[in-house]
Amino acid sequence: MQKNKKVEFNIVILGTGGQGQITLLEVLTEAAILEGYDVKTSELHGLSQRGGSVEVHIRFGKKIYSPLISQGKGDLVLALEIQEALKGFYFANQKTNFLVNDYFSAILGANFSREKTLKILRKLKKHLFLVEASKICQEKLGKDILAGIYLISLVSFKKLIPLKSKSILKAIKKIIPEKYLELNLKAFDLASESEAVK
Amino acid sequence: MPTVRFMEEILLNKPGKKIILLGNEAIVRGALESGVNFVSTYPGTPASEIGNIFFRIAKNAGVYFEFSTNEKVALEVAAGASFSGLKSLVAMKSFGLNVASDSLIPLCYTGVEGGMAILVADDPGCWSSAQSEQNSRPYSYLAHIPTLEPSDSQECKDFTKLAFQISERFKIPVMIRTTTRVAHQRMPVTLSKILNLKSQNQKPKFIKKPERFSTMPPRVFEMKKELLEKIEKIQVFSENSPINQISRGRTSAKLGVISSGISYLYVMEALKELNLNLPVLKLGFFYPLPEKKIQDFIKSFKKVLIIEELEPYLEKEVERLAKDVNPKLQIFGKNLIPEIGELKPETVTSAIAQFTDTKYLIPNTKYNIPIPKRLPRLCPGCPYWLVVEAVKKAINEKDVIFGGEIGCYMLFRNPPINLQDYLSCMGSSVGIAHGIKKATNQKIITFVGDSSFFHAGIPALINTVFNKSNPLIIILDNRTTAMTGHQPHPGAPATPDGIKIEDIIQSLGIKNFKVIDPINQEEFTNTVKEFLEKDEVSVIIARRPCIFVAEKYAKK
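Reading guide: rules and limits
- Residues numbered from 1 in each chain as written.
- Chains lettered and ligands numbered in written order.
- Predicted model: local features only at pLDDT ≥ 70, side-chain atom pairs only at ≥ 80, totals over all residues.
- Domains from an automatic or database assignment.
- Helix = DSSP H or I, 4+ residues; strand = E, 2+ residues; numbered from the N terminus.
- Nonpolar A, V, L, I, M, F, W, Y, C, P; charged D, E, K, R; others polar.
- Pairing = 2+ DSSP bridges.
- Contact = placed C-beta atoms within 7 Å.
- Axes fitted to C-alpha atoms, helices over the stretch in contact; angles between N-to-C directions.
- Expected span 1.5 Å × (residues − 1).
- Buried ≥ 20, exposed ≤ 12 C-beta atoms within 10 Å, placed from the backbone.
- Right-handed = clockwise from strand over helix to strand, strands pointing away.
- Core = buried A, V, L, I, M, F, W, Y, C linked by C-beta atoms within 7 Å.

Asker: Quick question: what am I supposed to make of the domain arrangement of chain B here?
Answerer: The accessible area lost on association of the parts is a frequent measure of interface size. All names here are of chain B. Domain assignment breaks chain B into domain 1 (4-240), domain 2 (245-356) and domain 3 (383-555). Using only C-alpha atoms to locate each centre, domain 1 and domain 2 end up separated by 28 Å. Top element by residues in the side of domain 1 that touches domain 2 is helix 10 (residues 219-240). It accounts for five residues. Residues that form the side of domain 1 that touches domain 2 fall into these classes: eight nonpolar, eight polar and seven charged.

Below is the structure:
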């Protein structure tokens, strides 16, 4: 349980208000605790949740002090929208992986198109993992909000994070309220069957 | 709002168990472990969760809880409970302390009977604050109130307990000052036993002691003397308190760092990153400072670095204290870190690298790309969109001045709405409108939220009637305190119906007055046109529930 304690792992989750970042943060925190890590997280409430950008940080390792990730120190950027993924560059270094939901939500007054955004993201080359999570969850489960749980399940199957899938599963069962649990477990299963895993 | 699972967890009486807590949740737990009896608040981010949780658990926890009309009232009701021997907690955001300060200062003179902790959450970086980037620390000097600054959730819990202990021992309210990154930080926290004072058969009673609780001259001067004597004693306590802790480094005997709160965590992160082992003094007390401990720490140094967010209060204290023990000490702080905005860990790392002449390269900044800004805006379906639409149809925007306040409607400033020419604190838009009306003959519409109206709008409205001017005041009644997470207020309490705003308006004899559901666009537009021409004050209550509470009202 405590074998990976040398690791320090920093995750930034990016998206817009209402995409469930705080739930994802809770699941990942719980999973990291299950594996015996020290954890610190940071989130924002209130004004920033009103349709603005929402950025949350999760850090785990042997001993964690700061709840915020330093510039260039991110290990994984998980973005729920492609333009929001661009904010991940601030935290990225040469090895940082980006798992990005291929979902575009227009920004008022900005002339960023989906194509323009993707062109920048593709500079990440092999460190970019673009997944149509919202689309898949809408088609297969009828709810695009499940994209987040689908993606954090996927990172564990793809080993983009030093946490076991079964820890993520346990954490989902603990964190998600009972009436939504079944659907969320389906999102987890869907991620395990994903083509992207193979 | 907290989940059922969470509410069970926060009341878990299993000492030694670790659970993951948000800073604010840890404050709640610390109060429960102290045996708190009485909790009051006015919601404000980043302190809102404290009230939200007590709202849900109060009954099970055996605690009295209320959302008060504003922070000043919240402080006063808690003071009354403490005068009667109960342990009380008051929670508010930074600006709340401004409102409460009128009562805070005499309260430190009178002191309290039951322990009293006051939680104040500042918001460096203004993540959820509009009117200013406030550093509440000078209130500690102004009011002579002992002040603790936790760094993380575990300390939020521990320092809350310590605050109650100090308060009970010295009979004085104690402030706990957090910031956004402390209040909204999660980590595993070790639980202790929940104290339930109810089971101890305690009977609260206000015992008449006018010399204790009545601040009339000449007694007031004696009280001030007693207060200053208390602070001297608490300073001795602070000198010996383990929450002001020194970690002796190995790297240098000539350099040291002083820090507190969230900044301390960035210091520790930086030292790890730079592989340095400097002596660090972490201050858990902001007021009164352990002056001897600080002097002992700095007396043999060549250079000291003070890492603190916003204005350099600690730095100035260290400058003062160095004069006696080490006048040649070079003091670094705001020359290496900014005074505006919240600190980031990399900023602190850079500052320590400069201070110690160590190399620090940020790993990668190769993609320098412009990032489109996604501003917060009203939710889709928000009833305020209807108000904006009706108002825009009624007038030419260039001909009318628009007043704003704090609440979801402060987003009127952002595109595509752009209806806001001034914005200040809650309740202020009406007073400012009256002043503009007295100064000019320009037309003016001011927006006030329902919760803000109860909070601080009523005195300003009465003033407008009494001193006679004619702004158009639109009270945006969405039946909740929306921005901070849909808390109840006097007009929309947990159990309907509450106090009717229209009864208050009518009692003032305001003739130009209508309650309109903004879905009735034509009526709303016509009323705005009509009222803008009036010679006396006019009021429209735009009543339509926030989409997040609409369901609750539909069920009624």
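We are not done yet, so read on.
Asker: Help me out: how do you make sense of the sheet that holds strand 12 (residues 285-287) of chain B in this one?
Answerer: In a beta sheet, neighbouring strands are held together by backbone hydrogen bonds and run either parallel or antiparallel to one another. Residues and elements named next belong to chain B. Spatially, the seven strands line up as an open sheet ordered 3-2-4-5-7-6-12, and their pairing is mixed. Of all strands in the sheet, those with a lone pairing partner are strand 3 (64-67) and strand 12, marking the two edges. Relative to strand 12, strand 6 (residues 147-148) runs antiparallel, the two sharing two bridges. From the neighbouring strand, threonine 147 faces strand 12, where its bridge partner is tyrosine 287. Across the face of the sheet, helix 4 (residues 71-83) comes into contact with strand 2 (38-41), strand 3, strand 4 (88-93) and strand 5 (116-122) while running at roughly 170 degrees to strand 4.

Asker: What is the right way to look at helix 14 (residues 345-356) of chain B in this model?
Answerer: Counted at 1.5 Å a residue, the expected span for helix 14 of chain B with its twelve residues is 16 Å, and the 17 Å between its end C-alpha atoms agrees. Of the positions making up helix 14 of chain B, those classed as buried are B:Pro345, B:Glu346, B:Val348, B:Thr349, B:Ala351, B:Ile352 and B:Phe355.

Asker: What am I meant to see in the pairing of strand 10 (residues 255-260) of chain B here?
Answerer: Successive residues of a regular strand alternate their side chains across the two faces of the sheet. Residues and elements named next belong to chain B. Most of strand 10 sits inside the fold, with six of its six residues counted as buried. Side chains Leu255, Val257 and Ser259 of strand 10 all project onto a buried face; the interleaved residues Gly256, Ile258 and Ser260 project onto the opposite face, where all are buried too. Bridging between strand 10 and strand 13 (residues 303-307) involves five bridges; their strand directions are parallel. Within the sheet, the bridge partner assigned to leucine 255 lies in strand 13 and is lysine 303. With four bridges joining them, strand 10 and strand 11 (residues 280-283) adopt parallel strand pairing. What sits directly across from valine 257, in strand 11, is valine 280. For the segment spanning strand 10, helix 11 (residues 261-273) and strand 11, crossover handedness is right-handed.

Asker: Would you mind going over the environment of B:Glu308 with me for this structure?
Answerer: Residue and element names in this part refer to chain B. Following the sequence through the fold, glutamate 308 ends up in the loop between strand 13 and helix 13 (313-325). Sequence separation between glutamate 308 and valine 267 is 41 residues; the distance between their C-alpha atoms is 10.0 Å. Dropping the residues within four chain positions of it, glutamate 308 is found in contact with Ser259, Ser260, Ser263, Leu314 and Glu315.

Asker: What should I look at first to understand the nonpolar core in this one?
Answerer: The tendency in soluble globular proteins is for nonpolar side chains to be buried side by side. Counting residues in hydrophobic clusters, the biggest one holds 171 residues, and the most contacted among them are A:Tyr150 and B:Leu119. Of all the elements, helix 11 of chain B adds the most residues to this core, at eight residues. In this structure, this core is formed jointly by two domains, domain 1 (4-240) and domain 2 (245-356) of chain B, each of which donates at least three residues. Each residue touching B:Leu119, except ones within four places of it in the same chain, is listed here: B:Ile27, B:Ala47, B:Ile50, B:Leu89, B:Val90, B:Ala91 and B:Ile176. Of all hydrophobic cores here, the second largest spans 45 residues; its members include B:Cys379, B:Ile474, B:Phe531 and B:Cys546.

Asker: Explanation requested: the interface of chain A and chain B in the structure shown.
Answerer: Counting from both sides, the interface comprises 41 residues of chain A and, opposite them, 40 residues of chain B. Going through the elements one at a time, helix 1 (21-34) and strand 2 (38-42) of chain A are the ones with two or more residues in the side of chain A that touches chain B. Per element, the largest residue contribution to the side of chain A that touches chain B is four residues, and it comes from strand 2 of chain A. Tallied by class, the residues present in the side of chain A that touches chain B amount to 16 nonpolar, 18 polar and seven charged. Direction of pairing for strand 2 of chain A relative to strand 8 (residues 185-190) of chain B: antiparallel, over a ladder of two bridges.

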